[in-house]
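Notes for the structure review
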Amino acid sequence: MIKIPGQKKKKKRVEEESSFESGMTLIQGNLHKQATKVLSEALQKDPRQIGQKTLEAFLDNYQACQFENAVAIGEALQENGLGNSDFRVKMGNSYRNLFDTKKANHYYRLALKADRSNQLATYNLAASLAQVDLYDLDIIKSINLIANHEGPVLPGFLNDPDILEKVSTSLEEDKEQLRQKIETLIEEKETKSEAGDVKAVKDLIHAIETEERKLAISDYEATCKKLKQAFKKNWARQTIDETKKVLQENQFNLTLYAFSQGDKALVSDSLEKLNDETNSLANLDLLTALNHDLQGSTQEAIAALISILKQRPNDRYANANLGLLYKKTGNLLQAYRYLIKASDLLEKSEGLFDLDEVNKRADEYNSNGNISRAYQLYQMISEEQPNTDVFLRLGEIQIRQDQLLEATISFNEVKELDPNNSTAQERLKKIHELYYQRADTASRNGLYPEAVTLYQNALEIHKTADVINKVIRIYERQNDFSQVNSLKTELEKLKLAEAEKERENQRQMLIEKGKSLMKRKKFDKAIEILEKAFELKPDKDVFLLLAHLFKGLNQHRRLSSLMQQWRISKNRKEKQLTEGPPETF
């Protein structure tokens, strides 16, 4: 056999390309693990040519958002040490799109290990750590929303958001009055000087200097003085809760203003007063944390903000300020992480930091008919700070939009927070009736599967014998006796529960009536009524009432009989607890 030069090499290349094509065929068939193995073997044989084709295939799938395909191909490249830092960033992005944060972060760190200057790797790792669904250049826009903020991001003034503008206006008016007063005094001095009244001139010069000193007071000092006038010096000794709250809010406002002007001493003194008092002021812990940085202890401030975020992960002020402090220390990865998180939260809340303000805006949207926007904001608040009012508003919107399942969930959330909430109970009753009516209509029209679903939805809210019987009749019509038997068992349980409830209601009425008769000293009648209650259920409270009556009336035989009944009842209960309920056949 004649050996042709290069034939063996050509055959080898054909085999390698065949392996590559086999790998890509497996990718198309969603056999990703096998594909990675086949492609990795092909790359080991020819890392240069097959490597180029594999990298192109990876990029094609990445651009087409075929992320499962991309990571299967990319893993083969990684196993063979191929691909640069940018490739690893794209692998990280692919895994993050597949909700595999652990592998995504691993690839971002590999990218940084290969090239510390790869900013996209840092940005994407930060976004991944923040659990924000942003990538590449979009992350930079998010960071820049807060990153250039000068100084800390402070909350607004309490009670009166425009207090600083009002104080500024008041100061200008005071200054104008001082100027006019000084002009009047100068004119008066000149008049007295011409008249030769030396003493009057001397007094007027002193008065002018006094007013000029007042005019020369800095705007900061004058503003602080105005803010201090808003509360009494003995504010901490107030006993009336509401008055104390207002005074604390005024103190908080002074602290905020001093903070904005960098007055370390006043901030510390003011915060010490506030923290010494029992109060529920929002963001007091934030200012206390930021004061550490103001006093020069940035790491303490960072630790305090992290502590706040453990309690309130979505606190916009804490996230924003933590990002700014990390930037100040040069820890850019953590800085970007928290700045991205803050920006993402602010985008959802329309740029508002305080959830109370978000709630007000949602209420405005709701009253103005912008239901979709109101719904989005209420939904966001319910996830971040669950409360009955928000769930009630959500439920109302969901009923209006005929989202009955969602409305049921919202009103049940209200009941979890406030079991006796009458509005939630009424709305659930309304939803139950809607399901019931629609189920009846579907049943009359022969739409039995739909009717069953609607009846079942009604039963999820409130179980009634009427609804269960209707579902039983549908299943009987369909010869589904397994469901029929199951529902009949449930019906029996319901009847027993309703009978027990009725018996308990009757017993409570008898007890109340017996107590009323005791107060009116109608003891014989009281005994008769309370004995009926005791027959319904041997209850300790009723036993004690009867024992008290028998003892007081010297009815020792009846007292002895009562004691015997009580012992028998206790023994029966203990036996049931030990042996369990009796078997039924």
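For the structure itself, look to the data block above.
A brief look at the structure comes next. Every value quoted in this text rests on a predicted model; they were computed, and no experiment measured them. (Residues numbered from 1 in each chain as written. Predicted model: local features only at pLDDT ≥ 70, side-chain atom pairs only at ≥ 80, totals over all residues. Heavy atoms only, no water.)

As a further point, take the overall build of the protein chain. Across its full length, the protein chain holds 28 helices and 0 strands. Taking 585 residues into account, the globule formula puts the C-alpha radius of gyration at 25 Å, and the protein chain, at 39 Å, lies well above it. C-alpha atoms of the protein chain, sized along the principal axes, occupy 130 × 110 × 50 Å. Taken over 585 residues, the protein chain has a buried fraction of 40%. Partitioning the contacts of the protein chain with sequence separation of at least 6, the portion at a separation of at least 24 is 52%. When the accessible area of the protein chain is evaluated, it comes to approximately 35200 Å², of which 49% is carbon and sulfur surface. (Helix = DSSP H or I, 4+ residues; strand = E, 2+ residues; numbered from the N terminus. Rg over C-alpha atoms; globule rule 2.2 N^0.38 Å. Buried < 20%, exposed > 50% of the residue type's maximum accessible area, 1.4 Å probe, protein only. Contact = heavy atoms within 4.5 Å. Areas by Shrake-Rupley, 256 points an atom, 1.4 Å probe, with all protein chains shown as cover.)

Tracing the sequence through the fold places D86 in helix α5 (residues 85-97). Each C-alpha atom of the pair D86 and A111 lies 6.9 Å from the other, and the pair is 25 residues apart in sequence.

For the rest of this paragraph, the subject is a positive patch on the surface. On the surface, K513, R520, K522 and K532 cluster together into a positively charged patch. Along the chain, K513 turns up in helix α25 (residues 481-519). What makes K513 partly exposed here is its relative accessible area of 46%. (Patch = residues over 30% accessible without salt bridge, like charges linked within 9 Å, V, L, I, M, F, W, Y side chains within 5 Å. Salt bridge = Lys/Arg side-chain N within 4 Å of Asp/Glu carboxyl O. Lys, Arg positive; Asp, Glu negative; His and termini not counted. Charge placed at Lys NZ, Arg CZ, Asp CG, Glu CD.)

Within this model, the largest pocket holds a volume of roughly 1000 Å³. Around the largest pocket, the lining is made up of 34 residues, and of these A282, N283, D354, L355 and D356 lie nearest the centre. At the level of elements, α12 (241-260), α16 (316-329) and α18 (355-368) are the ones that each hand at least two residues to the lining of the largest pocket. Residue composition of the lining of the largest pocket, by class: 12 nonpolar, 9 polar and 13 charged. By volume, the second largest pocket is sized at about 280 Å³. Lining the second largest pocket are L171, D174, K175, L178, K214, L215, I217, A222, K225, K226 and Q229. (1 Å grid on protein atoms, 1.4 Å probe; cavity = no way out; pocket = protein on both sides within 12 Å on 5 of 7 lines; lining within 4 Å. Points joined across faces, edges and corners; volume = space filled by probe spheres on them. Nonpolar A, V, L, I, M, F, W, Y, C, P; charged D, E, K, R; others polar.)

Looking now at the environment of Q261. Structurally, Q261 is set in the loop between α12 and α13 (264-275). Along the primary structure Q261 and P155 are separated by 106 residues, whereas in three dimensions their C-alpha atoms are 14 Å apart. Polar side-chain contacts of Q261 include one of 3.5 Å to the side chain of S260. (Polar contact = N/O pair within 3.5 Å; in protein donor to acceptor, adjacent residues only side chain to side chain.)

Below, the discussion takes up a negative patch on the surface. Taken together, the side chains of E183, E187, E190 and E194 make up a negatively charged region of the molecular surface. Residue position: E194 is located in helix α9 (residues 163-194).

Let us now look at the packing of aromatic side chains. The relation between two aromatic rings is expressed through the spacing of the ring centres and the mutual angle of the planes. If you walk through the whole model with that rule in mind, you get 10 aromatic pairs. Between Y95 and Y107 the ring centres are 5.9 Å apart and the planes differ by 20 degrees, which places this aromatic pair in the stacked class. Within this pair, whereas Y95 is found in helix α5, its partner Y107 is found in helix α6 (residues 101-114), the two being separated by 12 residues in sequence. Y95 gets classed as buried once you look at its relative accessible area, which sits at 7%. One aromatic cluster is present, formed by F58, Y62, F67 and F87 through successive ring pairs. (Phe/Tyr/Trp six-rings, centres within 6.5 Å; stacked < 30°, edge-to-face > 60°.)

For Q131, which is not glycine, the phi dihedral falls at a positive 60 degrees. By secondary structure assignment, the location of Q131 is in the loop between α7 (119-129) and α8 (137-144).

For α9, built from 32 residues, the straight-helix expectation of 46 Å at 1.5 Å per residue is met to within 8% by its first-to-last C-alpha distance of 47 Å. Along α9, the positions that sit buried rather than exposed are I163, V167, S170, L171, K175, L178, I182 and L185. Note on α9: the residue one or two positions beyond its end, G196, has a positive phi of about 75 degrees. (Expected span 1.5 Å × (residues − 1).)

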